[in-house]
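Each chain, letter by letter, is given below.
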Amino acid sequence: MEAPILFLAGFLTLASSCSLSYSSQAQDESRVPEFTFRDASFNRYEDNERTFSLEATRMEQYSAYPVTYAQDAEFKVWNEKDEVETEGSCGLLGMHSDGQHFTLFRDIFIKNYEQQMEIHADKLKWNAENGQIVSDTLSTVELIKDNLAIKGTGFSADSKTHDFKFSTSADGSIESDDTAEGESK
């Protein structure tokens, strides 16, 4: 009689214990956003003055990484006179939590009013701390400044010195006042 009771107790213990499915993979928490915002607006203020604004269809913040991502982003940067100095848009924007490092992807458009310059690209990195904006060596960047339009790869620019260069050959055009209509030099 004792053997059937031990067998029954052992069977009930096994049957009621929880079953782990070793074939399914555990979800990686670092890939799941801690916060998700839709139709988001973000403004940064320094000394009671707006310095940066961002609107995006979706923003995601991750706890494992010090980065926030914004989809279909539109941004503006204000100067000390409360004038829009730079504005732009891109398909995806990665912002480091230090507020100084940005990575832009897809259909990038940046317009700087002070320098009268436009940039069109598909991939750029911007370090706001030192004023450097760079592309990789394979991505094409188009720069339009005053009467100059130039396309190339390996783009880098310094917003503090207003210098820019392409590390590979570039193509472009310069329009001058003495150029006949419809003609380019």
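Worth saying up front: this structure is predicted, and the values here are computed from it rather than measured.

S.K.: What exactly am I supposed to notice about the overall build of the protein chain here?
M.R.: For the protein chain, the count of helices and strands is 1 helix and 12 strands. Reading the protein chain from its N end, one meets helices and strands in the order α-β-β-β-β-β-β-β-β-β-β-β-β. The buried share of the protein chain, reckoned over its 185 residues, is 29%. Long-range contacts, defined here as pairs at least 24 residues apart, represent 31% of the contacts in the protein chain between residues at least 6 apart. Counting every atom, the protein chain has about 12,800 Å² of accessible surface; 50% of that belongs to carbon and sulfur.

S.K.: Is there a simple way to explain unusual backbone geometry in this structure?
M.R.: Across the chain, the bulk of peptide bonds are trans and the bulk of non-glycine residues have phi less than zero. A positive phi angle, near 50°, is found at Gln116, a position not held by glycine. Of note in this structure, His162 is not a glycine but carries a positive phi near 70°. Structurally, His162 is set in the loop between β10 (155–158) and β11 (163–166).

S.K.: Explain the environment of Gly99 here, please?
M.R.: Counting through the fold element by element, Gly99 comes out in the loop between β4 (84–96) and β5 (101–112). On the basis of relative accessibility, which here comes to 15%, the residue Gly99 falls in the buried class. Taking C-alpha positions, Gly99 is 9.3 Å from Asn127, a pair spaced 28 residues apart along the chain.

S.K.: Explanation requested: the packing of aromatic side chains in the structure shown.
M.R.: For the structure shown, the criterion picks out 6 aromatic pairs. Geometrically, the ring pair formed by Phe42 and Phe52 is edge-to-face, given 6.3 Å between the ring centres and 65° between the ring planes. Of the two residues, Phe42 is situated in strand β1 (residues 35–46) and Phe52 in strand β2 (residues 49–61); the sequence distance between them amounts to 10 residues. Judged by its relative accessible area of 4%, Phe52 falls in the buried class.

S.K.: What am I meant to see in the side chain of Ser53 here?
M.R.: Tracing the backbone through its elements, the reader meets Ser53 in strand β2. Residues in contact with Ser53, not counting those within four places in the same chain, are Phe42, Asn43, Glu74, Phe75, Lys76 and Trp78.

S.K.: Explain the confidence of the model for the protein chain to me, please; I cannot follow it from the model alone.
M.R.: Detailed reading of the predicted coordinates is not advisable wherever pLDDT falls low. For the protein chain, per-residue confidence averages 82 on the pLDDT scale, and residues scoring 70 or more make up 79% of the total. This model gives residues 4–22 a pLDDT under 50, and the stretch forms 0 contacts once residues within four places in sequence are excluded. Long-range and interchain partners of residues 180–185, a stretch whose pLDDT sits below 50, account for 5 contacts in this model, where long-range means more than four residues apart.

S.K.: Help me understand the pattern of salt bridges, please; the structure alone is not making it clear to me.
M.R.: Note on pairing: side chains with opposite charge can pair once their charged atoms come close. Within this structure, the stated rule accounts for 4 salt bridges. With its nearest N and O atoms 2.6 Å apart, the salt bridge here joins Glu60 to Arg58. For Arg58, a relative accessible area of 23% puts it in the partly exposed group. Linking Lys111 and Glu118 is a salt bridge whose minimum nitrogen-to-oxygen distance equals 3.7 Å. Residue Lys111 is classed as partly exposed on the basis of its relative accessible area, which comes to 26%.

S.K.: Even after reading the chapter, I still don't get the environment of Pro33, so can you show me in this structure?
M.R.: Relative to the elements of secondary structure, Pro33 occurs in the loop between α1 (2–16) and β1. Residue classification places Pro33 among the partly exposed positions, given a relative accessible area of 24%. Between the C-alpha atoms of Pro33 and Ser63, which are 30 residues apart in sequence, the distance is 7.2 Å.

S.K.: Help me understand the nonpolar core in this model?
M.R.: Formed by 27 residues in total, the largest nonpolar core has its most connected members in Leu54, Leu93, Leu104, Ile110, Ile119, Leu124 and Phe155. Of all the elements in the fold, those that place two or more residues in this core are β2, β3 (67–78), β4, β5, β6 (117–127), β8 (140–145) and β10.

S.K.: Could you clarify how one ought to interpret the side chain of Ser135 in this entry?
M.R.: Mapped onto the elements, Ser135 comes out in the loop between β7 (132–134) and β8. The exposure class assigned to Ser135 is buried, which follows from its relative accessible area of 12%. Not counting residues within four places of it along the chain, the set of residues in contact with Ser135 comprises Lys123, Leu124, Val141, Gly154 and Phe155.

Conventions and cut-offs
Residues numbered from 1 in each chain as written. Predicted model: local features only at pLDDT ≥ 70, side-chain atom pairs only at ≥ 80, totals over all residues. Heavy atoms only, no water. Helix = DSSP H or I, 4+ residues; strand = E, 2+ residues; numbered from the N terminus. Buried < 20%, exposed > 50% of the residue type's maximum accessible area, 1.4 Å probe, protein only. Contact = heavy atoms within 4.5 Å. Areas by Shrake-Rupley, 256 points an atom, 1.4 Å probe, with all protein chains shown as cover. Phe/Tyr/Trp six-rings, centres within 6.5 Å; stacked < 30°, edge-to-face > 60°. pLDDT = per-residue confidence, 0-100. Salt bridge = Lys/Arg side-chain N within 4 Å of Asp/Glu carboxyl O. Core = buried A, V, L, I, M, F, W, Y, C linked by side-chain atoms within 4.5 Å.

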